[in-house]
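# Coordinate analysis (summary)
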Amino acid sequence: MSRPDLANPPAPDALPGIESGSVLSRMGAVYHGWMRRLVSPRGDQFFLVLAVVIGVFSGLAVVCFRIAIEWTRLVLLGSSLTPSPLRVLLVPALCGIPIALLVIHAFPRARGSGVNQTKTAVYISNGYVPFDTVIGKFITCALAIGSGQSLGPEDPSLQMGAGIASILGRRLKLSQERLRLIAPVGAAAGLAAAFNAPVSAVLFVIEEVIGTWSAGALGAIVLAAVSSVVTMRWFLGSESLFRVPPSQLNDPAELLAYAVLGVVGGCFALAFLKWIGAARPKIQALPKRTMYLLPAAAGLLIGTAGIWLPQVMGAGYPIIDQALHGEYVWHMLLILAILKIAATGISFLSGAPGGMFAPTLFIGAMLGGAVGGVEHHFFPGLTSTTATFALVGMGTFFAGFLRTPITAVFMVVEVSGNYSMIVPVMISSLIAYLISRRFQKVPLFDLLTRQDGVVLPSIEERRERVRLVVEDAMRAGAAITLDPPESVFEALRRVEADADPNRPLLLRARAGEWRLVDRDELRRLATHESGASVPQTAADLSSKGPLPLIFPDESLEEVLRWASDWPVLPVVSRADPSRLEGVLSLADILHAFRTSAAE
Amino acid sequence: MNMHAAKDKRASARHGREAVLASALVLLALMFVVTAFVSRLYKKRVHELGDRWFANGDSALHSGHPTAALADYRNGLAYVPGNEVFQFHLAQALAAAGHADEAEGYLLNLLSASPGNGEINLALARVAVQKKSEPDALRYYHAAIYGGWDEDPIAQRWRARRELCEYLLGRGAPSQAESEIIALADNTPGNDVSQLNAAGNLLLDVSLWSRALGEFKSALAVDRHDPEALTGAGTAEFRLARYSEAAAFFERLPENRRSSETVSEMLATARAAESIDPFLPGLSAAEKSARVDRALADSEALLSNCTQGASRSPGAQQPNPDSLAAVRKAISDRKRAPVERKMGRLDSDMAAVYQAEIAARSACGSPKSPTARALLLIGDARAGGSQ
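Since this is a predicted model, take the numbers as computed values, not measurements.

A general feature of soluble globular proteins is that nonpolar side chains tend to end up buried together. Formed by 237 residues in total, the largest nonpolar core has its most connected members in Phe195(A), Phe242(A), Ile320(A), Phe357(A), Met394(A), Phe401(A) and Leu107(B). In terms of residues, this core owes the most to one element, helix α2 (residues 44-77) of chain A, which gives 18 residues. Residues within four places of Ile320(A) in sequence aside, it is in contact with Phe242(A), Ala358(A), Leu361(A), Phe362(A), Ala365(A), Met366(A) and Met394(A).

Below, the structure written as structure tokens:
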């Protein structure tokens, strides 16, 4: 018996049991046609559908993850925001032991926040994120955050989304290129569901993970983020993460007050970054057996602080909400910010799995509120409330610490549902970002991966790298241009009168088309060597071309691929392609690159 | 042959992809069901916890422990963060615990979601009162009065306006309060005794005696024995210098109310005024003359005592001797004068009495005897009338 031809299934009207031409057979035909197009390995439609499926999976996973964290907290610490001192002291410390065992023996990839691990997967393992990472992240993070470690659920959600996407991609035998792309798609879905903020998630993945606005990836990332958020909202409701009292900027002069917040936020973010950067290698250099004790020791320290200030434990969303309603005085806010920096650093350095996003928002809100309180003390006429400073502070610290300024601005808008403070957030975040970048060249996630011995492309460095363009290398007026009606005698006279015997000859064949003319050919035609009886024009010259048109603003890297095929390329104006701006050769390009590197 | 093999390979890959996609969709459906089940359990638990903490908060707040209530409400809100009722109660607890700014934050947030809500506006007005911000208080009180209420809007608006009136009176702004009190009285239902009494009392506070009397009489029409309405009506009549009517209302009061300091003082004064006022209509000439004589004798005795220092407060000045001299002169003149001339001197003699009473009050404080108080009131009424 021969194998059925799967590539060409029998026509639906030939399917057994289905009457030819019936409604069922027509529906079958439509289904087969649709499915064939959908699952085609080269089909973009399939990739987009897959993005939606990944989004829904990630959304469901994040819902379960958040419930798991909450349930763990309820079981371990009780339902009050201020648990009994005994629980506060013992629970994080005791839970640190199983966390360490799980992270060391069962799920070693679950360690850390998850962002740099996802980046590593994208750039080193072709988007491969083992599925046990998803399970490990789920269990260990639920235990760590639920028991009071000062970490958040967002970065782990990002990694879980990437893991789900990766396994789906592998099972569907996607191409290598698609597999690399699918992990960021899942990452965006996971982060969007965790934050209930699809725009910020898309921006973060583009700003921090893939670094480019590739059209191919963008559609899938957006679809995955939206579908995951819709799924999450289906189960947990559509309310934004925080409820912010209405506020607006009444006096533009108050932007100065937010600029001060930017400076303070930038300095605190820098200090936190420097501390993590300096302490992590020392912790990693400790004997391996100490790794079993570090999460427990971190839990004990955090629990000790939590006896007096339980607000620093866990992700701290209800506390941020209270700060946004101005429930704390400025010195309390400052104490909470400093303690949270300490608690988050200790938790993170101990190797306990969990994210940095929520603590970053917490620290920013407290710091913002404290700065606002102090400014109010000295300038009682300020119309902005402490709560608005807390809101702006979230974005400020986020931009300074995680170095994703665009995400920071949109995230504040999305998590608060409040657009009125976008200008102060932009100013404050930018200042914090600039301060942090000025004194700490390598951003947090790049620093962590480099400390682990892996050098990933730095998105920030790539973003800020000086891009050489054609204009930087071209030579203006370095060619002789010929027009088709010009007599070859006149052209030869001009060429021979020119001082430079090597200047290239370019024929403006017609609008927007340039061709390369050989000097000998011109000379041959002009001296009647061709044997023509009528006067010849430049149009009769045999030439090479058409030459690729390049423009002054084009990247030199892009132009490089044509430069080896032609001795010289015409650089023309975008407004009028028949106007020559200059010429460019391979030697010019290499010279520009060499000069730039030397500088 | 090779083409066939490649075709087979592609087809098998597509078939495999279809199977994986179908399995993924089945898994997705299963996961959806599991998540729905888990999230339902979770939501139920969370709502139970939220309700429990909310109930704890309510009982703490009602038993006068707003600080304890705060912690409970915060715990409740941690489980149901978007719950507006919880937020409103937390704001009330914050305000009760003296955290007006924090309470305002929550209330403004709630107000942005439902800007015309009367209850939230009223709570904001109370917070503004606490923060001593009069413009905000007035704005929110008015928004509460004209805002939307879920239950019994007329009564709620009436209560909000009453609170505004009391706030304005408390701020010492009776002229601002007057228009609000009149509006309140106009909107007071005619069958609610307590509301009529409240409106009447506020009208008394801004000296609108006749309108106040009207409110109390309406209340008495519903319940003719209501002690607050009787007190209010008596007070209004007393202020209108209709002492017999005032006394009549006071006398209808039960003994325990009648013996209260204010009522008993007014009743005694009203009775004294009834017996000594020579300007009351229907009195004979002889009776009028006798009343003037009694008034002169009484004021002369009061002023003499005061001059001798028996009742003068330490450090107080001597009463003006001219007043005492004028009274004595009037007494001696009246002894010699016939009845017709006495009738002609009625106004001037009572003016002398009034001056003497004022002099005594300046030097020796408010009079204690009902007759002296009555004589002062009679003089006040005459002075007011002549002005």
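This is not the end of the story, as more comes after the structure.
Attention now goes to the interface of chain B and chain A. The interface of chain B with chain A comprises 42 residues on the first partner and 46 residues on the second. Between chain B and chain A, roughly 4000 Å² of surface is buried when both sides are summed, and carbon and sulfur atoms account for 69% of that area. For the interface between chain B and chain A, the tally reads one salt bridge. The salt bridge involving Glu327(A) is made with Arg74(B); its shortest N-O contact spans 2.1 Å. The interface formed by chain B and chain A includes 10 residue pairs in polar contact (both at pLDDT 80 or more). Looking at the side of chain B that touches chain A, the elements with two or more residues in it are α1 (2-62), α2 (66-79), α3 (84-96) and α4 (100-113) of chain B. Among the elements that line the side of chain B that touches chain A, the one with the most residues is α1(B), at 27 residues. Here the residues of the side of chain B that touches chain A are counted per class, giving 22 nonpolar, 10 polar and 10 charged.

The next thing to look at is the environment of Pro567(A). All names here are of chain A. Structurally, Pro567 can be placed in the loop between α23 (556-563) and β5 (569-572). Judged by relative accessible area, which is 55%, Pro567 ranks as exposed. Between the alpha carbons of Pro567 and Leu586 there is a distance of 7.4 Å; along the sequence they are 19 residues apart.

This part is about the sheet that holds strand β1 (residues 480-482) of chain A. Residue and element names in this part refer to chain A. Here we have four strands laid out as an open sheet, ordered β1-β2-β3-β4, and mixed in their pairing. The sheet is open, and its two borders are formed by β1 and β4 (543-544), each paired with just one other strand. As judged from the three bridges shared by β1 and strand β2 (residues 505-510), these two strands associate in the parallel manner. Paired with Leu482 across the two strands is Leu507, which belongs to β2.

In this section: helix α10 (residues 209-222) of chain B. Residue and element names in this part refer to chain B. Given a rise of 1.5 Å per residue, 14 residues ought to cover 20 Å, and the 20 Å separating the end C-alpha atoms of α10 matches this to within 8%. Those residues of α10 lying buried are Ala212, Leu213, Glu215, Phe216, Ala219 and Leu220. Relative to the axis of α10, the buried residues are bounded by an arc of 160 degrees and lie together on one face. Those residues of α10 that are exposed and angled more than 90 degrees off the buried face are Ser210 and Ala221. Contacts from the buried residues of α10 go to α8 (174-186), α9 (193-205), α11 (227-239) and α12 (243-251).

On to the pattern of salt bridges, then. Residue and element names in this part refer to chain A. Counting across every chain of the model gives 30 salt bridges over all chains. With its nearest N and O atoms 3.4 Å apart, the salt bridge here joins Arg73 to Glu70. Within this pair, Arg73 and its partner Glu70 are both found in helix α2, separated by three residues, close to a single helical turn. In this structure Arg73 comes out as buried when scored by relative accessible area, which is 16%. Among the ionic contacts, a cluster of salt bridges with common partners joins Lys119, Glu208 and Asp446.

Cut-offs used in this document
- Residues numbered from 1 in each chain as written.
- Chains lettered and ligands numbered in written order.
- Predicted model: local features only at pLDDT ≥ 70, side-chain atom pairs only at ≥ 80, totals over all residues.
- Heavy atoms only, no water.
- Core = buried A, V, L, I, M, F, W, Y, C linked by side-chain atoms within 4.5 Å.
- Buried < 20%, exposed > 50% of the residue type's maximum accessible area, 1.4 Å probe, protein only.
- Helix = DSSP H or I, 4+ residues; strand = E, 2+ residues; numbered from the N terminus.
- Contact = heavy atoms within 4.5 Å.
- Buried area = accessible area lost by both parts, 1.4 Å probe.
- Salt bridge = Lys/Arg side-chain N within 4 Å of Asp/Glu carboxyl O.
- Polar contact = N/O pair within 3.5 Å; in protein donor to acceptor, adjacent residues only side chain to side chain.
- Nonpolar A, V, L, I, M, F, W, Y, C, P; charged D, E, K, R; others polar.
- Pairing = 2+ DSSP bridges.
- Expected span 1.5 Å × (residues − 1).
- Arc of directions from axis to C-beta.

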